[in-house]
Amino acid sequence: MQEQIDKLRHDLLEQVSQSGDLKGLDGVRVAALGKKGAVTALMKQLGQVDADQRRELGAELNRLKDSIAEAIETRRDDLERSELDRRLAEERIDVTLPVRPELHGTVHPVSQVTNEIMAIFCELGFEVAEGPDIEDDWYNFGALNIPPEHPARQDHDTFYLSAQDRADRPVLRTHTSPVQIRNMLASKPPIRIIAPGRTYRSDSDMTHTPMFHQVEGLVVDEKTHMGHLKGCLRDFVEAFFQVDDVPMRYRPSYFPFTSPSMEVDIGCSFEGGQLKIGGGHGWLEILGSGMVHPRVLKNGGIDPDKYQGFAFGMGIDRVAMLKYGIPDLRAFFDADLRWLRHYGFAALDMPTLYGGLAR
Ligand code: DAH
């Protein structure tokens, strides 16, 4: 019987190592260790052997069983691994295929300029905040000190999403200022955020589209004052337009959510039909700003006796037009590929203060 065991071990190990797939391997397992398998058959014969030999042969058969089971296990691991390798090789996708030039996209000027604005303000220590495009009437107006009967509501050409005049009536936000309120309610001073995003007003001509983009800025701290506002906007304007010493003018204005309120102009010249930011005798309005109204702070859950802040709101499309000399706002949203190829930016040129913010 010992001879039989040795031969069986030799044969079975060979069958295991030669089985080329999981199914074949399982066949070998059943033929060796199954109920009617070769090893099981030998076990059954033990009964006919005399007692002394039986103990020895029994132990020997158990070792055989173990070594075959182990060999099958190892072989199964190998087969599974090579099966996985085969599938990985077969299902491989070559992501390194070169882009076909005719399909090569560009970065839209609005995205580019938004990235430039974020790069500058983040360098100044601001964080980027977001809010929903569909706002409650309260966040868009009420909390910003624009009650229902307020005349400023008429200027906003609001898209209302419900006929009812309720405080929680949904509107398409007419400006990014509601993000101020959401951010004040969700955090504690010191606050330093900018909030770029889409805004909507029912208005359309050379310089207005029903959907446009704004960026809101908000700073709140115990001693924030107008000097901070002016310094911050100067740093921004010079970095954005890449011009030193841009003349800046603060004109008194009115916004319900700030007091005092100012519109900010930058100096420019129009020589030979060319707009140049920086010198000259002309002025261009670029944003609205002011010190946050105490009532707005209160609506944002902030104590106006302890904190004060400044805010500003700027049209992204407008400064994109100024910086890159794009004449008609409506073309921004025509999705005309020729326009995009002309005014678009290379996809891998991420704007940074160090790498450059201009074409
Ligand atoms: N929300 C104003 C608008 O859409 C812009 C604005 C003006 C925002 C002054 C401000 C601000 O935060 O302080 O016309």
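This one's a predicted model, so the numbers in the text were calculated from it and none came from an experiment. Sequence positions are assigned chain by chain, starting from 1 and proceeding in written order. pLDDT decides what is reported in this predicted model: residues at 70 or higher carry local features, side-chain atom pairs at 80 or more are listed and counted, and totals for whole chains, interfaces and linings draw on all residues regardless. Calculated side-chain values reflect all of the structure's heavy atoms, with hydrogen atoms and water omitted.

1. Here's the deal with the site of the ligand
The test is simple: Proximity is defined per residue: any heavy atom of the residue falling within 4 Å of a molecule or strand makes that residue near it. Under the rule applied, a polar contact is a pair of N or O atoms within 3.5 Å (in protein, one hydrogen donor and one hydrogen acceptor; residues adjacent in sequence only if both atoms are side-chain atoms). Residues were grouped as follows: Ala, Val, Leu, Ile, Met, Phe, Trp, Tyr, Cys and Pro as nonpolar; Asp, Glu, Lys and Arg as charged; and all remaining residues, including Gly, as polar.
For the ligand, the set of nearby residues contains 15 residues, the closest of which are H175, S177, R201, Q214 and E216. At 2.9 Å from an oxygen atom of the ligand is found a side-chain nitrogen or oxygen belonging to Q214. Per-class residue counts for the shell around the ligand are four nonpolar, nine polar and two charged.

2. Topic: the side chain of R169
Heads up, the condition is: Going along the chain from the N terminus, every DSSP run of H or I of four or more residues is numbered as a helix, and every run of E of two or more is numbered as a strand. Only protein chains enter the area calculation, which uses a 1.4 Å probe; residues under 20% of their type maximum are buried, those over 50% are exposed, and those in between are partly exposed.
Its location among the elements puts R169 in the loop between helix 7 (152–155) and strand 3 (170–172). Looking at R169, the relative accessible area reads 7%, which means it is buried. A polar atom in the side chain of R169 sits 3.5 Å from the backbone oxygen of S162.

3. Quick word on the pattern of salt bridges
For the record, the criterion: The working definition used for a salt bridge is a side-chain nitrogen of Lys or Arg within 4 Å of a carboxyl oxygen of Asp or Glu.
Enumeration according to the criterion identifies 22 salt bridges in this entry. A salt bridge links R86 to E90, with the shortest nitrogen-to-oxygen separation between them at 3.0 Å. Taken as a pair, R86 and E90 lie in helix 4 (residues 51–90) at a separation of four residues, close to a single helical turn. Because the salt bridges share partners, they merge into one network encompassing R249, R251, E263, D265 and E285.

4. Observations concerning the pairing of strand 7 (residues 258–271)
The following threshold applies: DSSP bridges decide pairing: two strands pair if at least two such bridges lie between them.
In terms of burial, strand 7 is largely enclosed, as ten of its 14 residues are buried. Summarising the sheet, strand 6 (residues 248–253) and strand 7 pair through six bridges and their orientation is antiparallel. Along strand 7, the bridge assignment pairs R249 with D265. Remark: four residues form the turn of the hairpin made by strand 6 and strand 7, two consecutive strands paired antiparallel. In terms of strand pairing, strand 7 meets strand 8 (residues 274–277) through four bridges, oriented antiparallel. From the neighbouring strand, C268 faces strand 8, where its bridge partner is I277. Here strand 7 hands over to strand 8 after two residues, with G272 in that stretch at a positive phi of 55°.

5. Overview of the packing of aromatic side chains
Stated formally: Pairing of aromatic rings covers Phe, Tyr and the six-membered ring of Trp, with a centre-to-centre limit of 6.5 Å; geometry is then stacked below 30 degrees between planes, edge-to-face above 60, and tilted otherwise. By the criterion adopted, a ring carries a charge over it if an Arg CZ or a Lys NZ lies within 6 Å of its centre and within 35 degrees of its normal.
Inspection of every chain in the model, using the stated rule, returns ten aromatic pairs. For the ring pair F121 and F236, a centre distance of 4.9 Å and an interplane angle of 15° mean the geometry is stacked. Of this pair, F121 sits in helix 5 (residues 109–123) while F236 sits in helix 9 (residues 226–241); the two residues are 115 residues apart in sequence, bridging distant segments of the chain. In this pair, the class of F121 matches that of F236, namely buried. Between F121 and F312 the ring centres are 5.4 Å apart and the planes differ by 25°, which places this aromatic pair in the stacked class. You can see F121 sitting in helix 5 and its partner F312 sitting in strand 10 (residues 308–315), a full 191 residues away along the chain. Exposure class is identical for F121 and F312. Each is buried. Through pairs of rings, three or more aromatic residues link up here, namely F121, F126, F236, F240, F241 and F312. One residue, R182, lies across the ring of Y139, its end atom 4.0 Å from the ring centre.

6. Let's talk about the packing of helix 2 (residues 22–33) against helix 4
The following threshold applies: The axes are straight lines fitted to the C-alpha atoms, using for helices just the contacting stretch, and the angles between their N-to-C directions are given from 0 to 180°. Here the word oblique covers every angle except those under 35 degrees (roughly parallel), over 145 (roughly antiparallel) and from 65 to 115 (roughly perpendicular). Working rule for contacts: check all heavy atoms of both residues, and any pair within 4.5 Å makes them a contact.
Orientation of helix 2 relative to helix 4, taken along the N-to-C sense of each, is 175°, at an axis distance of 10 Å. As judged from the angle between their axes, helix 2 and helix 4 are roughly antiparallel. Of the residues in helix 4, those touching helix 2 at L22, L25, D26, R29, A32 and L33 are K65, I68, A69, I72, R75, R76, L79 and E80. Partitioned by chemical class, the residues of the contact of helix 2 with helix 4 number eight nonpolar, no polar and six charged.

7. Here's the deal with the domain arrangement of the chain
Condition: In this entry, domain limits derive from an automatic or database-based domain assignment.
Assigned domains within the chain: domain 1 (2–90) and domain 2 (110–343). The straight-line distance from the C-alpha centre of domain 1 to that of domain 2 is 77 Å.

8. Considering unusual backbone geometry
Residue P189 is joined to P190 through a cis peptide bond whose omega torsion reads 0°. Structurally, the position occupied by P190 is in the loop between helix 8 (178–186) and strand 4 (191–200). Not every positive phi belongs to a glycine, and D245 is a case in point at roughly 55°. Residue D245 is classed as exposed on the basis of its relative accessible area of 63%. Its identity as a non-glycine residue notwithstanding, A335 has a phi of 55°, on the positive side. Within the element layout of this structure, A335 appears in the loop between helix 11 (316–324) and helix 12 (337–343).

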